Amino acid sequence: MRRTGQEITTDEVEKRGYWVFEHGSTKRRVRLFTLRCPSQTCRHRVFSRHPFHQHRAARHFRECGISYNSKDDLIRRFAQPVVPSTPSVPVTRLWAKQHNDTLIGNDRSLVMENAWPLGDD
């Protein structure tokens, strides 16, 4: 099982196709994360769609035998904060939306999963 709080760079997020989601942001700080299944036997460890839409994470973790108490517990234990690969290029909601749009591709049924309050970055 990975360590809590292990960061992941934007380059790695793009390379591996992780879905980026927001959690615990404030007016002063945008907090973006990815989620990965910690099970060593899991065949699909990377969430390339929003993990909390349609209860994807809950269903997936249950199927992999991973227990958790709440969404916040799951995020605290298994989510990875996204950090910039290059310090001069900040991680913003706009970057996350554009990245997730590449994962969605032409699947318009997933557009609502990638709705972001842009403008507060």
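What you see is a predicted model; the values in this text were computed from it and never measured.

**Q** Run through the sheet that holds strand β2 (residues 21-22), naming residues and quoting values.
**A** Strand pairing within a sheet occurs via backbone hydrogen bonds; the two strands may be parallel or antiparallel. Spatially, the four strands line up as an open sheet ordered β1-β4-β3-β2, and their pairing is mixed. Each end of this open sheet is capped by a strand with a single partner; those strands are β1 (8-9) and β2. Note that strand β3 (residues 32-35) and strand β4 (residues 79-83) share three bridges and pair antiparallel. Paired with Phe33 across the bridge in β4 is Pro81.

**Q** So what's going on with helix α3 (residues 71-78)? Which residues, and what values?
**A** Considered for burial, the residues of α3 that qualify are Asp73, Leu74, Ile75 and Phe78. Each element contacted by the buried residues of α3 is listed here: β2, β3, α2 (56-63) and β4.

**Q** Quick rundown of α2? Include the residues and the values.
**A** Buried within α2 are the following residues: Arg56, Ala57, His60 and Phe61. Buried residues of α2 fall within an arc of 115° about the axis and therefore sit on the same side. Among the exposed residues of α2, those oriented more than 90 degrees off its buried face are Arg62 and Glu63. Residues of α2 that are buried make contact with β3 and α3.

**Q** Give a description of the pairing of β3 that names residues and reports values.
**A** Burial of β3 is two-sided: the residues Leu32 and Thr34 facing one way and the residues Phe33 and Leu35 facing the other way are all buried. Across two bridges, the pairing between β2 and β3 is antiparallel. When the bridges of β3 are listed, Glu22 appears paired with Leu32.

**Q** Lay out the environment of Arg29 with the relevant residues and their values.
**A** Examined against the element boundaries, Arg29 turns out to sit in the loop between β2 and β3. Its relative accessible area of 54% is what places Arg29 among the exposed residues. For the pair formed by Arg29 and Thr92, sequence separation is 63 residues and the distance between their alpha carbons is 9.7 Å.

Calculation criteria
Residues numbered from 1 in each chain as written. Predicted model: local features only at pLDDT ≥ 70, side-chain atom pairs only at ≥ 80, totals over all residues. Heavy atoms only, no water. Pairing = 2+ DSSP bridges. Helix = DSSP H or I, 4+ residues; strand = E, 2+ residues; numbered from the N terminus. Buried < 20%, exposed > 50% of the residue type's maximum accessible area, 1.4 Å probe, protein only. Contact = heavy atoms within 4.5 Å. Arc of directions from axis to C-beta.

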